[in-house]
Protein chains: 2
Amino acid sequence: MTPVEVNDGRLSDRMAALARVGRDPRGGVSRLAYGDADREARALVSAWMREAGLAVSVDAAGNIVGRREGADPAVPPLLCGSHVDSVPNGGDFDGPLGTLAAIEAAHTLLERGAAMRHPIEVVVWSNEEGGLCGSRAVSGQLPAFELNNVAAGGMTIADGIRAIGGDPGRIEQARRAPGSIAGYLELHIEQGRILEDAGVDIGVVLGIVAIHQWEVTISGETNHSGTTPMAQRHDALLAAAGFVELVHRVVTGEPGAQVGTVGRLEASPGAPNAIAGRVVCSLELRDLDAAVIGRLFRRIEAGARGIGDATATAFAFAPVMATVPAPSDPRLRRAIAEAARALGCTTRDLPSGAGHDAQCLAPLGPIGMIFVPSVGGVSHSPAEWSTPEAVRNGANVLLNALLAADRLLP
Amino acid sequence: MTPVEVNDGRLSDRMAALARVGRDPRGGVSRLAYGDADREARALVSAWMREAGLAVSVDAAGNIVGRREGADPAVPPLLCGSHVDSVPNGGDFDGPLGTLAAIEAAHTLLERGAAMRHPIEVVVWSNEEGGLCGSRAVSGQLPAFELNNVAAGGMTIADGIRAIGGDPGRIEQARRAPGSIAGYLELHIEQGRILEDAGVDIGVVLGIVAIHQWEVTISGETNHSGTTPMAQRHDALLAAAGFVELVHRVVTGEPGAQVGTVGRLEASPGAPNAIAGRVVCSLELRDLDAAVIGRLFRRIEAGARGIGDATATAFAFAPVMATVPAPSDPRLRRAIAEAARALGCTTRDLPSGAGHDAQCLAPLGPIGMIFVPSVGGVSHSPAEWSTPEAVRNGANVLLNALLAADRLLP
């Protein structure tokens, strides 16, 4: 089929207009969830949603839902969207691209008078950066106690949800049942530089990886650096060094896109003239396949035992978090790849190593995600940037993938 | 010659009495330099010095000097001593053993009517734990600006020196010229467990090691742990891990008593889901021979360049401190070893990896140090302990080495 195209001038104007909301004098944008700038951005995109012919409401979790009915009243809606809240001093693309491209797709469909079989719902998920709050509420993954947590902007999540028009006391009403959506599509910047390095236009996301984190405690013996011969030491930092290298060796020791990171490491007592008696560090493993994570972890654990024996120290692992992988739907992946091809864009399959609202929709129905290149792989920074071509490509692929999904999904 | 012996009942009674001064309810003793407990301890040992027939005075740096004239008015004095100040929650032996054994040796000589050729001076060095203040002042190594530094007890060093009867405005008067002492002997606990592990009674100290420290900065690139493939990382913590292992490998790669330590390590930003972009860590090398330290450092520097290349990071080394080694005098080492043998004690030569007042005396004349075993190598802790036999052995070796030094030193 001949691909349709969005009005990319309108899209880029709106990207620019949204980027002015919450502009931070220290750089980038600061639209912390629930705050003034977030609310201003939500009002702005709500207006654009109405221009796109969508009936706008806010659910109990504070998600903005813009809906247009489809031709078949018996089928569930097709969802697409992203978010408009940001990290402090964040960039102009993480969230806004997927949000405005979804509105633009709806607007284009309206203007073309295109008949869709499914109802379409453009969703702006609330408080994505604070831990996917809005999308987790929709899939029943937001435990009630979290409503009392204080969000980055300073108010509790409950107060924040109230401030954006939701109803935290009835948050269960935002929940959707498995099977109640025909599918979900999200366009996002890659936030890495796999696509840029490969010179590829469009990433077809295989899924959102599982993330497992542990806190690792290495116990040795603090002692005087001058009076303790090398052979008599129980140096927890030497053991930790072996551990960091072990993690790298195990994770890179087999083919695949898995990643493993030790990002936090604290050595005690932390003096130049004292042998470290204790190290606490993080271990994080990510992969699309939880079985891969399990296998890597068992190798790391076994290797750590060997390091402990060799350095006269002891390792202890405490699990901190474990998310489940959210694979994308093969039909939607095909739809995305075919839309890209029809538009003359090159594609590459890749996992999403970062979390996205889409992962919370996976238990409710088929999901698909489209990535466009991030220049230099930079994100969560004022330097976050994707080219105008990438923005146009992404929006056009989203529009055509939506049309394909409308045809192929039940 | 038949060895003479101290009154070890009196010595152990005094060790016990001194250990009650500054007893800390949280454990051990806290006799921070210049504070009430330090002053009480100084008054107590001054009284014992007078009982031992010594003429007691306090020099401008707050060192207590107890002197007995010798038979030959033309020769400089033989010094021996240690300190009575402690770290917070310190032990009963670090300082008190050498101080009270020196007083006991003088007392024994008085009681035996032993004629010494040299004047003898028992010295209680002020503020040893705060950085060898008293002994550095005596050798002209205490820069004037340090007088304004705040000592552990809360007062400035200048105020502290005043509080213990010194005169910081005239601190130069405490200075002694090279050649103005016949020699210096100090008994101390080992603070390590080389002697204990070897089952040896007496350590003949080869000298006090040189200490060189660097601050090492490793620059990589902070990035998202989920979206940055392993091959695209510039992981400063992975580089640091290689560095810590490199230091251990280089330092243990040749025979000798040299030690090398990375004790402090800070990784930034320090989050489980962020690749560390920057690590700052310490490097410390200690050896009796500064040339060994230089050679090890050059190997470490070269190895770090290789790690930087392999991990796409950069290493920078900034020197922090470099002390000179203070070798002991071979005649005094022999005198110590022979005294030990005559007393039926086994000996072993070893360097002192920790700093001691003796190192400040080395520029002024020949020094000798005697170590006795520390149980478990523990020091600077309430658990610091040396057996009554070790205390007696150490004091007897000190006494007989003093007698030998009186004969053999000019």
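Residues numbered from 1 in each chain as written. Chains lettered and ligands numbered in written order. Predicted model: local features only at pLDDT ≥ 70, side-chain atom pairs only at ≥ 80, totals over all residues. Heavy atoms only, no water.

Asks: So what exactly am I meant to see when it comes to the domain arrangement of chain A here?
Replies: Residue and element names in this part refer to chain A. If you check the domain split of chain A, you get domain 1 (8–208 + 327–408) and domain 2 (210–322). Taking only C-alpha atoms into account, the centre of domain 1 sits 37 Å from that of domain 2. In this complex, domain 1 contributes 6 residues to the contact, which on the side of domain 2 involves 4 residues. Buried area between domain 1 and domain 2, summed over both chains or domains, comes out near 360 Å², and the portion from carbon and sulfur atoms is 68%. Looking only at domain 1, the three residues that lose the most surface to domain 2 are Ile 208, Pro 351 and Gly 353, adding up to 72% of its buried area. At the surface where domain 1 touches domain 2, the tally comes to 0 salt bridges. At the surface where domain 1 touches domain 2, the tally comes to 1 residue pair in polar contact (both at pLDDT 80 or more). No other element matches the 3 residues that strand β6 (residues 202–208) contributes to the side of domain 1 that touches domain 2. Considered class by class, the residues forming the side of domain 1 that touches domain 2 number 4 nonpolar, 2 polar and no charged. (Domains from an automatic or database assignment. Contact = heavy atoms within 4.5 Å. Buried area = accessible area lost by both parts, 1.4 Å probe. Salt bridge = Lys/Arg side-chain N within 4 Å of Asp/Glu carboxyl O. Polar contact = N/O pair within 3.5 Å; in protein donor to acceptor, adjacent residues only side chain to side chain. Helix = DSSP H or I, 4+ residues; strand = E, 2+ residues; numbered from the N terminus. Nonpolar A, V, L, I, M, F, W, Y, C, P; charged D, E, K, R; others polar.)

Asks: Hey, could you run me through the interface of chain A and chain B in this one?
Replies: It is common to report an interface's size as the accessible area lost on association of the parts. Contacts between the two partners involve 48 residues from chain A, matched on the other side by 48 residues from chain B. Between chain A and chain B lies a buried interface of about 3,900 Å² when both sides are counted; carbon and sulfur atoms form 59% of it. Our count for the chain A to chain B interface comes out at 0 salt bridges. Inspection of the region where chain A meets chain B yields 12 residue pairs in polar contact (both at pLDDT 80 or more).

Asks: Help me understand helix α9 (residues 330–342) of chain A in this model?
Replies: Helical geometry: 3.6 residues make up each α-helical turn, so side chains three or four residues apart lie on a common side. Residue and element names in this part refer to chain A. Between its terminal C-alpha atoms α9 stretches 18 Å, which fits the 18 Å expected from 13 residues at 1.5 Å a residue. Of the residues making up α9, those classed as buried are Leu 332, Ala 335, Ile 336, Ala 337, Ala 339 and Ala 340. Next to the buried residues of α9 lie β5 (183–189), β6, β15 (347–352), β16 (367–372) and α11 (388–408). Gly 344, located one to two residues past α9, shows a positive phi value of around 80°. (Expected span 1.5 Å × (residues − 1). Buried < 20%, exposed > 50% of the residue type's maximum accessible area, 1.4 Å probe, protein only.)

Asks: Looking at this model, I keep getting lost on the relation of the copies chain A and chain B. Mind explaining?
Replies: When chain A is fitted to chain B, the residual RMSD is 0.1 Å, and the transformation amounts to a turn of 180° plus an axial shift of 0.0 Å. Within this description, the copies of the chain are treated as partners about a two-fold rotation axis. Every residue of chain A has its C-alpha some distance from the rotation axis, and the shortest such distance is that of Ala241(A), at 2.0 Å. When the interface residues of chain A are mapped onto chain B, 100% of them are again interface residues, pointing to one common binding face. (Least-squares fit on C-alpha atoms with pLDDT ≥ 70 in both.)

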